[in-house]
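# Geometric and topological summary
Chain residues, written in single-letter form:
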Amino acid sequence: MRRVSVFVGVTAAVLVAGPLVQPAAAYPPAPPGEAVTREHLADLTVASDGSMDGYDRDLFPHWEPRDGTCDTRDTVLLRDGANVTVDEYCEPTGGSWYSVYDAQWVSDDSQVHIDHVVPLAEAWRTGARYWTESRRETFANDLDTQQLIAVSASSNLSKSDAGPEEWQPENTGYHCMYARSWINVKYVYDLTVTTAETAALEDMLATC
């Protein structure tokens, strides 16, 4: 089993009296390049999806506290947004977010979702049902890989818990990065892939 890096720190805003302005610092860390990604895809175990019996999102504790009053969701909103302002509770009061899934700018944070690139249900049926709750919590709050990204609510709802054989970003220019991100998360957490999923990922890698 590959070792999962445990998040040990994140550059977070220091809350002061009044709103804090935070320009976009970064998107998720860059995944490995195409060549390494192809090697990692070949290393993944190909298997049929497992059962969804017993699945519950609460088995993946998410949005854990981070810095001050910020939780994981707040931290991603600060990281991925432009000119984000927050109140003393780390709730956004302004800013905008570029949703790479559909190439749209969103200025209302209520219309921004934090996507688990590899959905929690997808992880469950490809290996996470055997994990400890601690490992599932790490997965659900992972800022060290590409697992979390701020996107439009509409694109996230469209995706739901689908794999790339069923759903791909409307923005075809993001297909290479999406495939590299998906594969890296599955590789880091030693999750399985199906034959159809592998074919879809290979098609997206062909756009790199």
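One structure accompanies this document, and this report is about it. As the structure is a prediction and not an experimental result, all values here were calculated from the model.

What counts and what doesn't
Residues numbered from 1 in each chain as written. Predicted model: local features only at pLDDT ≥ 70, side-chain atom pairs only at ≥ 80, totals over all residues. Heavy atoms only, no water. Phe/Tyr/Trp six-rings, centres within 6.5 Å; stacked < 30°, edge-to-face > 60°. Helix = DSSP H or I, 4+ residues; strand = E, 2+ residues; numbered from the N terminus. Buried < 20%, exposed > 50% of the residue type's maximum accessible area, 1.4 Å probe, protein only. Lys NZ or Arg CZ within 6 Å of the ring centre and 35° of its normal. 1 Å grid on protein atoms, 1.4 Å probe; cavity = no way out; pocket = protein on both sides within 12 Å on 5 of 7 lines; lining within 4 Å. Points joined across faces, edges and corners; volume = space filled by probe spheres on them. Nonpolar A, V, L, I, M, F, W, Y, C, P; charged D, E, K, R; others polar. Core = buried A, V, L, I, M, F, W, Y, C linked by side-chain atoms within 4.5 Å. Disulfide = S-S within 2.5 Å.

Another aspect to go through is the packing of aromatic side chains. The description of an aromatic ring pair rests on the distance of the ring centres and on the angle between the ring planes. For the structure shown, the criterion picks out 13 aromatic pairs. Considering the side-chain rings of Phe139 and Tyr189, the 4.9 Å spacing of their centres and the 90° angle between planes classify their relative orientation as edge-to-face. Taken as a pair, Phe139 in helix H4 (residues 133–140) and Tyr189 in the loop between helix H6 (175–188) and helix H7 (195–205) lie far apart in primary sequence, 50 residues in all. Relative accessible area serves as the criterion here: at 0%, Phe139 is assigned to the buried category. Judged by relative accessible area, which is 0%, Tyr189 ranks as buried. Taken together, Tyr55, Phe60, Trp124, Trp131, Phe139 and Tyr189 form an aromatic cluster joined through their ring pairs. When the ring centre of Trp131 is taken as reference, the NZ or CZ atom of Arg135 above it lies at 4.7 Å. The ring of Phe60 carries Arg136 above its face, with NZ or CZ at 5.8 Å from the centroid.

Roughly 250 Å³ of volume is contained in the largest pocket. In terms of lining, the largest pocket is formed by 14 residues, of which the most central are Arg57, Asp115, His116, Asn156 and Ser160. For the lining of the largest pocket, the class distribution of residues is seven nonpolar, four polar and three charged.

As a further point, take the nonpolar core. By size, the foremost hydrophobic cluster in this structure holds 32 residues, and its most contacted members are Phe60, Tyr101, Phe139 and Tyr178. Put simply, the parts of the chain that give this core at least two residues each are helix H3 (120–125), H4, strand E6 (148–152), H6 and H7. With seven residues, the single largest contributor to this core is H6. With 14 residues, the next largest nonpolar core counts Leu77, Ile114, Leu143 and Leu148 among its residues.

Counted by the stated rule, this structure contains two disulfides. One disulfide in the model links Cys70 with Cys90; its S-S distance is 2.0 Å. Every disulfide takes its handedness from the sign of the S-S torsion; for Cys70 and Cys90 that torsion is 80°, giving right-handed. Placement of Cys70 in the loop between helix H1 (34–43) and helix H2 (72–80) and of Cys90 in the loop between strand E2 (81–86) and strand E3 (92–99) is noted, with a sequence separation of 20 residues between them. Taking only the cysteines that form disulfides and numbering them from first to last, the protein has the pattern 1-2, 3-4.

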